[in-house]
Amino acid sequence: MTPNPWPELNLDDWQDTCATLHMWTQIVGKIRLVQTPWINHSWHVPLYLTTRGLTTSNIPYGNRVFQMDFDFQQHHLWIGTDTGQSQIIELRPRSVADFYLAVMQALQALDMAIQINTLPNEIPAPIPFEQDTTHASYDPDAVQRFWRVLLQSDRVFKAFRSHFCGKVSPVHFFWGSFDLAVTRFSGRTAPEHPGGVPNLPDDVAKEAYNQEVSSAGFWPGTGLGYPAFYSYAYPTPDGFKDAPVQPDAAFFHEGLGEFILPYDAVRTAGDPDQALLSFLQSTYDAAADLAQWNKAALRQTWFK
């Protein structure tokens, strides 16, 4: 049977699993972080969508290469090397501490000695991974539905990304904020970011936002209460919150300082792709027009 490409995703139904999976992705993401050369705006740290889950892509270890893949169809973490060696860690109800230990032991079995900062990033009151026995849930059905939402969002984000010929990020999954994102740049510098992101060095936030951006993404809605697409500009131009955007279900969230489109509004739309694309395009237009970006020079025109 063909699965629903835009399945139901009620945050209340998988809140505990979401929190646990968030920490698991941080463990894997931090391994990529410490082994990968720095790329501007922290583009060396995210994960990427695959037909089975999320991947780190290739990670260097000396003159060796390895990769770590979350498989949300068979529900395991696969760690493989360029020499053909591999380790598999089962994804099941288990604590973050247990998962962290299993990952470190798997790396050691592959003759890789890697150490990470075990304090989670971008969340309040973090618990070091090796001490976290609080988060220990895993609902495979909910995780698979979440991954399918990411998969469809990734596909639409890439179509939206293709229309821009200026500097633009890959479509990538940030494990710190636990969201899928794509970011366009005006080509101009921005005022220094104030920092203040929970458990994230201010220098990282300042470098991430040292240029004008219009950024959009999807996240499961922790803190909001429901999954949603978002779009924001940095710096926020005057009049941004009052700009007309599409579709009708989109609105400006004063607390977050960004436009929000509830996932259910996309999932239940007659044409989900078009509903999401209209949100991405209209919020970008609002940011770029109000900040006077050179939109004509940044528009991809050589192909349709």
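Residues numbered from 1 in each chain as written. Predicted model: local features only at pLDDT ≥ 70, side-chain atom pairs only at ≥ 80, totals over all residues. Heavy atoms only, no water.

Looking at an unreviewed UniProt entry, the chain carries the name Ava_C0101 and related proteins, with the source organism given as Leptolyngbya iicbica LK.

### Let's talk about the nonpolar core
Soluble, globular proteins show a tendency: their nonpolar side chains are buried together. Spelled out, the test is: We call a set of buried residues a nonpolar core when its members are Ala, Val, Leu, Ile, Met, Phe, Trp, Tyr or Cys and they connect through side-chain atoms within 4.5 Å of each other. Each residue's exposure class comes from its accessible area (1.4 Å probe, protein chains only) as a fraction of the maximum for that residue type: buried when under 20%, exposed when over 50%, partly exposed otherwise. Domain limits in this description derive from either an automatic procedure or a database domain assignment. Whether two residues are in contact is decided by their heavy atoms, any of which lying within 4.5 Å being enough.
Counting 92 residues, the largest nonpolar core has F66, F70, L77, V103 and F229 as its most contacted members. Here this core spans two domains, and each of domain 1 (11-131) and domain 2 (140-297) adds at least three residues to it. In contact with F229, not counting residues within four places along its chain, are W6, S153, F157, G217, F218, F259, I260, L261, Y263, V266, L276 and F279.

### A word on helix α1 (residues 11-35)
For the record, the criterion: In this analysis the local bend is the angle between axes fitted, respectively, to the seven residues ending at and the seven residues starting at the residue. Helix numbering and strand numbering both begin at the N terminus, where a helix is a DSSP run of H or I of at least 4 residues and a strand a DSSP run of E of at least 2. In protein, a polar contact means a hydrogen-donor-capable atom and an acceptor-capable atom, both N or O and within 3.5 Å, with residues adjacent in sequence counting only if both atoms are side-chain atoms; elsewhere, any N or O pair within 3.5 Å suffices.
Bending of α1 peaks at approximately 40° at the position of T17. Judged by how many residues are buried, α1 sits mostly within the fold: 18 of 25 residues are covered. The opening residue of α1 is N10, an N-cap whose side-chain oxygen sits 3.0 Å from the backbone nitrogen of D12.

### Description of the pairing of strand β12 (residues 258-262)
Counted only if it meets this: Any two strands with at least two DSSP bridges between them are considered paired.
β12 sits mainly inside the fold: 5 of its 5 residues count as buried. Pairing analysis gives 4 bridges linking strand β10 (residues 228-234) to β12, with the strands arranged antiparallel. Residue pairing for β12: S231 is matched across the bridge by F259. Where strand β11 (residues 251-253) and β12 come together, 3 bridges link them in antiparallel fashion. Paired with H253 across the strands is E258, a residue of β12. Between the end of β11 and the start of β12, which pair antiparallel, lie 4 residues, with G257 showing a positive phi angle near 75°.

### So, the packing of aromatic side chains
To keep it simple, the criterion reads: Whether two aromatic rings pair depends on their centres lying within 6.5 Å, for rings of Phe, Tyr and Trp, where Trp uses its six-membered ring; planes under 30 degrees apart make the pair stacked, over 60 edge-to-face, and the rest tilted. A ring is considered to have a charge above it if a Lys NZ or an Arg CZ atom is located within 6 Å of its centre and within 35 degrees of its normal.
A complete count under the given rule lists 24 aromatic pairs for this structure. Relative to Y230, the ring of W219 lies with its centre 5.8 Å away and its plane at 70°, an arrangement referred to as edge-to-face. Highlighted residues: W219 in strand β9 (residues 211-219) and Y230 in strand β10, separated in sequence by 11 residues. According to the relative accessible area criterion, W219 is buried, its value standing at 12%. Between F240 and F252 the ring centres are 6.2 Å apart and the planes differ by 90°, which places this aromatic pair in the edge-to-face class. Placement of F240 in the loop between β10 and β11 and of F252 in strand β11 is noted, with a sequence separation of 12 residues between them. On the basis of relative accessibility, which here comes to 1%, the residue F240 falls in the buried class. Taken together, the ring pairs in this structure connect W6, F157, F218, F229 and Y263 into an aromatic cluster. In this structure, R184 is placed above the aromatic ring of Y284, and the distance from its NZ or CZ to the ring centre is 4.5 Å.

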